[in-house]
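# Structural overview
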Amino acid sequence: MIPSAFDYAAPDSLDVALQTLADGGEEAKPLAGGHSLLPLMKLRLAAPTLLVDLRRVPGLRSVEREDGSWRIGALTRHADLQGRRELGAVGEATALIADQQVRNRGTIGGSLAHGDPASDLPTVLLAMEGAVTVRGGAGTREITAADLFQDYLTTAVAPGEILTEVRVPALEGWGHAYEKFSRRAEDWAMVGVCALVQRGEDGSCADVRVALTNMGSTPLRALAVEESLRGGPLDDGAIAAAAEQADEGTDPPGDLNASPQYKRHLARVLTRRALRRAAEG
Amino acid sequence: MGAAGAETAERGLPGGNGYVGRALKRKEDPRLITGRATYVDDLVLPGTLYAAIVRSPEAHARIASIDVSAAAAREGIEAVFTGEDMDDLAAPCPMVWVPPGVEVHVPDHWPLARGKVGYVGQAVAVVLGSDKYAVVDAAEEVLVDYEPLPVVVDPEAALRDGAPIIHEQFGTNQVFEWELAGGDVDAAFAEADVVMERRVVNHRTAGAAIEPRGALAEWREDHLTLWSSTQIPHVARVILSIELGIPEERIRVVAPEVGGGFGSKLQVYGEETLTAWCARKTGRPVKWTATRSDDMLTTHHGRDQIDYVRIAATREGELKAIDVRVIQDCGSYHLIEGPVIPTFTSCVVSGVYDFDAVRTTIVGVFTNKVTTDAIRGAGRPEATHLIEVCIDQLADELGIDRLELRRRNFIRDFPNERPHGFVYDSGDYDGTLDKCLELLDLDGFRREQEQLRSDPDRPVYRGVGFSTYVEICGLGPSRALGPDGWGMQGGYFESAQVRVLPTGGVMVYTGTSPHGQGLETSMAQIVADRLGLAPDAVEVIHGDTNTGPFGKDTYGSRSLSVGGEAVARAAEKVQDKAKRIVAHKLEAAPEDIEVAEGVFRVKGSPEQSMTLAEVATEAYIPADLPEGLEAGLDEISFYDPDNFVWPFGAHACVVEVDAETGRVEIVRWIAVDDCGPAINPKLIDGQVHGGAVHAIGQALYERIHYDEAGQLVTGTFVDYGLPTAAEVPSFETARTETRSPTNTLGVKGVGEAATIAASPAIVNAVIDALRPLGVRYIDMPLTSERVWNAIQEAKR
Amino acid sequence: MSTRVPIRLSVNGRAHELEVEPRLLLVHLLRDQLGLTGTHVGCDTSNCGACTVHLDGEAVKSCTVLAVQADAAEVTTIEGLTGGDGLHPLQAAFWEDHALQCGYCTPGMIMAAADLLARNPDPSEEEIRHGLEGNLCRCTGYHNIVRAVRDAAAELRAREAGARTTEVV
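Residues numbered from 1 in each chain as written. Chains lettered and ligands numbered in written order. Predicted model: local features only at pLDDT ≥ 70, side-chain atom pairs only at ≥ 80, totals over all residues. Heavy atoms only, no water.

What follows is about the overall build of chain A. Looking only at helices and strands, chain A features eleven helices and 14 strands. On C-alpha atoms alone, chain A measures out to a radius of gyration of 19 Å, which is about the 19 Å that the 2.2 N^0.38 rule sets for 281 residues. Judged by the C-alpha coordinates and their principal axes, chain A covers about 60 × 45 × 30 Å. Residues classed as buried in chain A amount to 61% of the 281 residues present. The contacts of chain A with a sequence gap of at least 6 include a subset with a gap of at least 24, amounting to 62%. Total accessible area computed for chain A in this model is approximately 10,500 Å², and 46% of it derives from carbon and sulfur atoms. Charged side chains in chain A number 30 positive and 39 negative. The centres of these two groups are separated by 5 Å. (Helix = DSSP H or I, 4+ residues; strand = E, 2+ residues; numbered from the N terminus. Rg over C-alpha atoms; globule rule 2.2 N^0.38 Å. Buried < 20%, exposed > 50% of the residue type's maximum accessible area, 1.4 Å probe, protein only. Contact = heavy atoms within 4.5 Å. Areas by Shrake-Rupley, 256 points an atom, 1.4 Å probe, with all protein chains shown as cover. Lys, Arg positive; Asp, Glu negative; His and termini not counted. Charge placed at Lys NZ, Arg CZ, Asp CG, Glu CD.)

Set out below in structure tokens:
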């Protein structure tokens with residue numbers, strides 16, 4: 001299987017990349033690690049006429065702490081992030097993406113710009129209330145996670161724009177857990193749940209965030225669960241009761257291995273498990 | 001069918017230097033671990049044209065028209081052909097099962113569709129060009145106008161009145177109905193205390209060798225050479241000769257390194273014929289390499305049975321009769337064996353148990369899917385699955401311990417003629433089960449199981465499942481399988497040629513065609529012992545019809561028990577001749593010569609000896625040979641067994657089920673198998689590990705699924721879930737060694753044994769784990785959702 | 001047809017300058033243009049890992065990398081794993097432990113295992129199993145592959161310790 005023919009450019013600056021992209025018109029696409037785009041192109045489900053490879057653009061592969069946030073360059077590979085405890089849920093979830101070879105190529109920016117609701121990082125970004133920076137002809141703008149994911153494989157990154165940086169709050173003092181349920185280890189999540197918990201001094205739930213993978217056409221916040229827990233106790237009973245609302249407002253797509261009803265059930269179970277683990281710190 | 005009684009062919013162990021039985025490293029491996037092996041897609045011929053195939057997106061449709069003009073006009077495109085262009089083929093794909101007295105519907109099946117298509121992926125046209133990317137682009141521009149016809153994918157629906165008929169000429173979707181019975185089945189059911197009934201679905205799976213299929217054909221001076229990723233080069237040559245009308249002697253088929261087969265390459269596919277035809281048509285070499293999507297769509301699938309099982313027993317647990325009605329989904333066309341595969345279910349449908357009466361009725365059905373044919377185990381995994389799952393079901397009904405029920409009914413006298421005419425050659429079913437339980441520590445497990453279940457906070461559901469199996473392999477006696485027996489249009493001997501070279505090295509030509517089994521090593525071990533040299537000095541050549549005698553290739557776990565036996569016999573012929581030469585030179589009697597410690601020597605006078613190289617010198621410079629002895633040292637043997645071989649064993653599987661999500665995790669696997677005395681124990685272990693994981697894949701993850709419209713839903717490795725290392729356990733393996741009286745090596749096949757054994761152990765283990773929750777039965781695949789659903793239903 | 005693109009890359013220590021079609025997959029560059037057929041194609045969807053090679057020292061699936069993306073990179077394939085004669089400890093262990101049958105997945109499996117051991121010189125069985133989850137094998141059931149990777153890891157650690165000892169001396 002091979003992609004349809006396309007033209008290719010590998011500019012060495014972001015400005016030239018943006019110009020090349022603009023010149024290429026609607027069917028031009030930026031290329032990062034290619035692990036979302038190339039499989040689609042090989043199956044001929046995508047056929048861009050021009051790929052603008054960002055590999056020579058400097059400064060896009062970095063992880064920096066600034067004030068209370070982590071700034072992660074868009075071309076930072078999953079492998080650069082996997083298992084890094086200081087990155088919280090980002091470090092945990094990146095270690096669970098596909099397999100090592102994919103993590104060695106796939107990038108955080110590429111994954112977020114692709115906007116697959118079955119991917120892990122969009123959910124984590126949503127839960128962490130992070131944001132991405134995009135550059136386009138009109139300049140630079142920041143898009144919050146809540147605004148980024150618009151529909152299935154559709155994000156607020158406009159044609160001609162390039163996602164350059166990801167910012168996530170460090171959430172120091174928060175507990176985190178990403179529970180991924182898949183058929184096999186290397187598979188996409190059947191359902192995934194990212195839970196973040198901040199305990200108050202009395203042990204109660206000062207704040208909490210829960211987001212869901214593959215429970216709709218975008219990653220989703222489980223707001224009912226959050227509201228039910230926020231400000232209350234964090235014991236097993238409270239968590240279990242809150243988790244029962246995890247599938248509220250979701251519309252999970254069914255597939256061969258998981259019906260919508262089963263996914264809803266998984267969302268509840270995994271939310272409980274993720275919350276328990278996150279609450280433990 | 002009445003296989004002949006097992007004739008003991010013991011002829012005493014040949015002398016040697018003890019290579020047989022040793023876990024030697026494989027001779028094959030150096031080229032494979034360094035990337036220097038040559039698979040078919042690695043071959044390059046000058047001037048090669050690449051083929052891209054246009055495939056049907058429709059499951060059932062008439063082809064109104066095909067417009068190839070746009071594709072043909074593209075730069076670099078040499079030719080585009082459709083089914084109409086191939087009207088010079090001499091015959092369609094032959095189907096080699098013609099059971100006496102049974103009507104089997106066989107539709108014409110051509111390499112490129114003629115007039116209509118019957119499944120998604122069926123080849124409709126081929127595009128040839130010198131750039132392998134450009135032909136793919138051009139293939140997208142072949143315009144085919146399809147007139148869709150009603151689609152039927154469910155085999156039971158296909159049998160109902162009013163179902164769309166896939167091949168109008170037959171007036172029915174039924175392919176055949178076939179029965180094998182012995183003993184008074186109906187009386188046994190009439191008299192039975194207990195009748196257990198169960199519908200067991202054994203779903204469709206793919207062979208999924210990691211190397212996709214491929215073929216490279218060259219036509220030169222009216223001779224065809226075809227390199228193909230096949231298990232059966234010899235059979236392929238015969239069939240290509242029939243299809244293409246080329247005399248067999250002008251065809252050479254080579255199976256180079258083959259990247260796994262598992263039955264999926266026990267086939268002569270349309271693409272092989274097509275590639276050869278295109279090479280002849282264009283006069284250029286033509287190469288076709290399947291993508292994984294091609295492979296999932298068009299490489300034959302396996303299993304796909306619905307088994308209606310009835311077992312008659314006494315209340316005390318004495319098994320009386322088993323009656324199974326099999327609905328086999330055949331797909332829309334046949335390939336070379338297709339419909340015969342489910343009949344092998346009948347051979348071991350009664351398992352290791354002493355039933356008085358056995359009946360298997362098989363109904364084959366056309367559906368709008370790709371053909372089913374042999375996949376690792378080929379009919380026998382289905383048999384083991386249904387009998388071993390149903391024995392557990394019956395044990396539950398009778399309130400008898402599952403192992404106790406098995407033990408009460410084990411066959412213990414061998415050879416043993418079964419009611420349906422087969423003779424189990426040898427066995428010790430208690431022996432493998434005893435050893436399995438020893439490794440398992442069942443009492444310890446039961447204590448642990450109880451303890452884990454009773455944790456009030458987080459009950460953990462563990463279960464153990466067993467499979468005590470027997471299988472039939474070593475195909476096979478030609479008399480039993482051939483035209484007047486089972487109805488296969490071929491012989492099932494195997495050939496071997498052992499050639500000592502003038503300088504004392506040895507070439508072995510085997511008619512088998514290994515593709516991962518390690519026969520270059522195990523056959524060298526067999527020969528080394530018989531000729532007094534090291535396996536390093538023995539080259540085993542295979543997979544090329546222009547070398548060695550006509551062979552019958554590799555499938556049905558036959559390569560060692562039939563092919564290895566042929567090698568042993570040819571080596572012994574060489575040994576006999578060598579002994580005559582040695583006796584002549586050393587002035588002794590031939591019967592006083594022995595092979596030991598690397599030499600031919602006079603018994604009792606070890607200082608009087610000759611090496612094989614010295615014997616070879618005498619044979620090839622024939623100045624002083626015994627009277628009447630021909631020059632040379634080169635012998636052929638054709639071995640046709642007089643019975644099958646019947647490997648057996650006991651597998652135990654421990655699972656843990658997450659009752660909240662339904663996820664099944666395999667915690668332990670114990671496999672005790674008996675395939676007779678080991679030639680190379682390393683290779684046996686490897687076959688058991690891989691065979692078991694093949695069945696684990698089917699039981700837990702793998703499923704070929706077509707939707708209602710006949711579209712393949714699981715058409716890539718994204719959807720078709722082969723287990724990875726992360727899903728499977730390490731194995732605890734052990735063996736017992738019960739000689740087969742069928743061959744002089746005493747061996748039985750082991751390539752399929754664990755696949756045949758394993759799936760019921762998993763299902764039984766999951767049911768054991770979930771028994772406290774009320775779960776009684778689940779069909780494969782045990783996806784997390786299916787297990788979770790079973791738990792929910794049991795709660796109601 | 002799109003414009004061809006010049007690339008320079010090093011493969012198994014040898015420099016190459018080529019002009020390629022942008023859509024050319026790295027695996028086809030290696031196999032068809034450079035004749036390195038030890039790298040195999042098994043699935044097209046980056047699941048099976050038979051095409052695994054090292055790109056700048058890290059394992060990647062070369063069926064999901066464009067040749068143009070490997071511009072200026074160093075590629076190592078199974079043919080160049082040792083950088084010379086003899087067998088890499090992983091190759092030796094795969095042979096010794098019967099960690100292959102048909103051999104088709106083997107080059108990719110070994111290249112993935114080499115990446116794993118570079119990240120984690122002493123992996124547990126579970127870490128090995130998860131570390132190889134991107135490579136499918138249909139023959140071996142993985143049992144002997146896991147064993148071989150463990151044995152190779154021990155051998156590599158022993159060599160490393162030996163090298164350190166030598167330095168101290």
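Having seen the structure, we can now continue with the description.
Now for the overall build of chain B. When you go through chain B residue by residue, the secondary structure sums to 19 helices and 28 strands. For 796 residues, the compact-globule formula gives about 28 Å, and the C-alpha radius of gyration of chain B, at 27 Å, lands near that figure. Taking the principal axes of the C-alpha coordinates as reference, chain B spans close to 90 × 75 × 50 Å. Here chain B holds 796 residues, and the buried ones make up 68% of them. Within chain B, counting contacts between residues at least 6 apart in sequence, those at least 24 apart form 81% of the total. When the accessible surface of chain B is summed, it comes to about 25,300 Å², and 46% of that surface belongs to carbon and sulfur atoms. Distance from the positive charge centre (74 side chains) to the negative charge centre (121 side chains) of chain B: 2 Å.

A few words now on the packing of aromatic side chains. Residue and element names in this part refer to chain B. According to the stated counting rule, one finds 21 aromatic pairs over all chains in the structure shown. Between Trp-97 and Phe-176 the ring centres are 5.2 Å apart and the planes differ by 85°, which places this aromatic pair in the edge-to-face class. One end of the pair, Trp-97, is in the loop between strand E3 (77–82) and strand E4 (116–117); the other, Phe-176, is in strand E7 (residues 174–182), and 79 residues separate them in sequence. Its relative accessible area of 2% is what places Trp-97 among the buried residues. The class for Phe-176 is buried, based on a relative accessible area of 1%. The interplanar angle of 55° and the centroid separation of 6.2 Å between the aromatic rings of Phe-422 and Phe-644 together place this pair among those described as tilted. One end of the pair, Phe-422, is in the loop between strand E16 (416–417) and strand E17 (423–424); the other, Phe-644, is in the loop between strand E25 (634–639) and strand E26 (648–657), with 222 residues separating them in the sequence. The residues Phe-422 and Phe-644 share a single accessibility class, namely buried. One aromatic cluster in this structure is built from Trp-97, Phe-176, Trp-178, Phe-344, Phe-422, Tyr-424, Trp-486, Phe-644 and Trp-646. Against the face of Tyr-269 rests Arg-213, its NZ or CZ located 3.6 Å from the ring centre. (Phe/Tyr/Trp six-rings, centres within 6.5 Å; stacked < 30°, edge-to-face > 60°. Lys NZ or Arg CZ within 6 Å of the ring centre and 35° of its normal.)

The subject of this paragraph is the sheet that holds strand E5 (residues 69–73) of chain A. All names here are of chain A. Judged by pairing direction, the sheet is antiparallel, and its five strands sit side by side in the order E4-E5-E10-E6-E7 without closing on themselves. The open sheet has two edge strands with one neighbour each: strand E4 (63–66) and strand E7 (139–144). Averaged over neighbouring strand pairs, the angle between their axes works out to 25° when direction is ignored. Where strand E6 (residues 131–136) meets strand E10 (residues 162–169), five bridges bridge the pair, whose relative direction is antiparallel. Of the residues in E10, the one forming a bridge with Arg-135 is Ile-162. On top of the sheet, helix H1 (residues 14–24) reaches E6 and E10; it is set at about 125° to E10, its chief contact. (Pairing = 2+ DSSP bridges. Axes fitted to C-alpha atoms, helices over the stretch in contact; angles between N-to-C directions.)

Turning our eyes to something else, we now look at the UniProt feature "domain: FAD-binding PCMH-type" (unreviewed entry) in chain A. Taking the numbering used here, the UniProt-annotated feature "domain: FAD-binding PCMH-type" (unreviewed entry) corresponds to residues 1–173 of chain A. In this annotation, residues 1–173 of chain A is assigned 31% helix and 26% strand; the end-to-end C-alpha distance for the span is 48 Å. (UniProt positions renumbered as here; feature names shortened; annotations may be inferred.)

This next bit is on the interface of chain B and chain A. Across the boundary between the two partners, chain B contributes 27 residues, which contact 23 residues of chain A. Interface area for chain B against chain A, summed over the two sides, is near 2,200 Å², with a carbon-plus-sulfur share of 51%. Summed over the three residues of chain B that lose the most area to chain A, namely Glu-660, Glu-785 and Trp-788 of chain B, the buried surface amounts to 25% of that side. Taken together, chain B and chain A are joined by five salt bridges. A salt bridge links Glu-140 of chain B to Arg-44 of chain A, with the shortest nitrogen-to-oxygen separation between them at 3.2 Å. For the pair chain B and chain A, the number of links is 18 residue pairs in polar contact (both at pLDDT 80 or more). (Buried area = accessible area lost by both parts, 1.4 Å probe. Salt bridge = Lys/Arg side-chain N within 4 Å of Asp/Glu carboxyl O. Polar contact = N/O pair within 3.5 Å; in protein donor to acceptor, adjacent residues only side chain to side chain.)

Okay, the interface of chain C and chain B next. Facing 48 residues of chain C, the contacting portion of chain B comprises 52 residues. For the pair chain C and chain B, the summed buried surface comes to about 4,300 Å²; carbon and sulfur atoms form 56% of the total. On the chain C side of the interface with chain B, the three residues burying the most area are Trp-95, His-98 and Arg-138 of chain C, jointly 21% of the side's total. The interface formed by chain C and chain B holds six salt bridges in total. Counting the contacts that link chain C with chain B gives 29 residue pairs in polar contact (both at pLDDT 80 or more). For the side of chain C that touches chain B, the elements supplying multiple residues, two or more each, are helix H1 (26–33), helix H2 (89–96), helix H3 (106–119), helix H4 (125–131) and helix H5 (143–168) of chain C. A total of four residues in the side of chain C that touches chain B trace back to one element, the largest contributor, which is H2 of chain C.

We now examine the pairing of strand E2 (residues 61–67) of chain B. Along a regular strand, successive side chains alternate from one face of the sheet to the other. All names here are of chain B. In this sheet, E4 lies alongside E2 in antiparallel orientation, the contact comprising two bridges. Within the sheet, the bridge partner assigned to Arg-62 lies in E4 and is Lys-116. Bridge count between E2 and strand E6 (residues 143–148): six bridges; the pairing is antiparallel. Counterpart to Ile-66 in the pairing with E6 is Val-144.

What follows deals with the domain arrangement of chain B. Residues and elements named next belong to chain B. Parsing chain B into structural domains produces domain 1 (29–37 + 493–639), domain 2 (152–424) and domain 3 (425–473 + 644–796). Using C-alpha coordinates to define each centre, domain 1 is positioned 40 Å away from domain 3. The interface is formed by 17 residues belonging to domain 1 together with 17 residues belonging to domain 3. Contact between domain 1 and domain 3 buries roughly 1,200 Å² in total, counting both sides, with carbon and sulfur atoms accounting for 56%. (Domains from an automatic or database assignment.)

Time to look at the sheet that holds strand E28 (residues 732–735) of chain B. Residues and elements named next belong to chain B. Here we have four strands laid out as an open sheet, ordered E18-E26-E27-E28, and mixed in their pairing. Both outer strands of the open sheet, strand E18 (461–470) and E28, are each paired with one neighbouring strand and no more. Across the sheet, the axes of successive neighbouring strands diverge by a mean angle of 15°, strand direction being ignored. Here strand E27 (residues 664–674) runs beside E28; their pairing, made up of four bridges, is parallel. Paired with Ile-670 across the strands is Glu-732, a residue of E28. Against the sheet, helix H17 (residues 681–701) touches E27 and E28, its axis set at about 140° to E27.

Residues and elements named next belong to chain A. Domains assigned within chain A are domain 1 (63–169) and domain 2 (174–279). When each unit is reduced to the centre of its C-alpha atoms, the spacing between domain 1 and domain 2 is 20 Å. Summing both sides of the interface, domain 1 and domain 2 together bury roughly 2,000 Å²; the carbon and sulfur share of this comes to 59%. The largest share of the area that domain 1 buries against domain 2 comes from Glu-92, Pro-117 and Thr-123, three residues that together contribute 26% of it. Where domain 1 meets domain 2, there are four salt bridges. For Arg-277, the salt bridge identified is with Glu-92, shortest N-O distance 2.9 Å. At the level of elements, helix H4 (89–94), helix H7 (120–128) and strand E8 (149–151) are the ones that each hand at least two residues to the side of domain 1 that touches domain 2.

Further remarks concern the pattern of salt bridges. All names here are of chain B. Across all of its chains, the model carries 101 salt bridges over all chains by this definition. The salt bridge involving Arg-252 is made with Asp-544; its shortest N-O contact spans 2.7 Å. Of this pair, Arg-252 sits in strand E11 (residues 251–254) while Asp-544 sits in the loop between strand E21 (538–541) and helix H15 (559–586), and the two are 292 residues apart along the sequence. The exposure class assigned to Arg-252 is partly exposed, which follows from its relative accessible area of 27%. Judged by its relative accessible area of 10%, Asp-544 falls in the buried class. Here Asp-392 ties to Arg-402 by a salt bridge, and the two come within 2.9 Å at their closest N and O atoms. Of the two residues, Asp-392 sits in helix H9 (residues 380–398) while Arg-402 sits in helix H10 (residues 402–409), which places them ten residues apart along the sequence. As far as the burial class goes, Asp-392 and Arg-402 line up, both buried. Put simply, Glu-388, Asp-392, Asp-396, Arg-402, Arg-406, Arg-446, Asp-768 and Arg-771 are held in one network by salt bridges that share partners.

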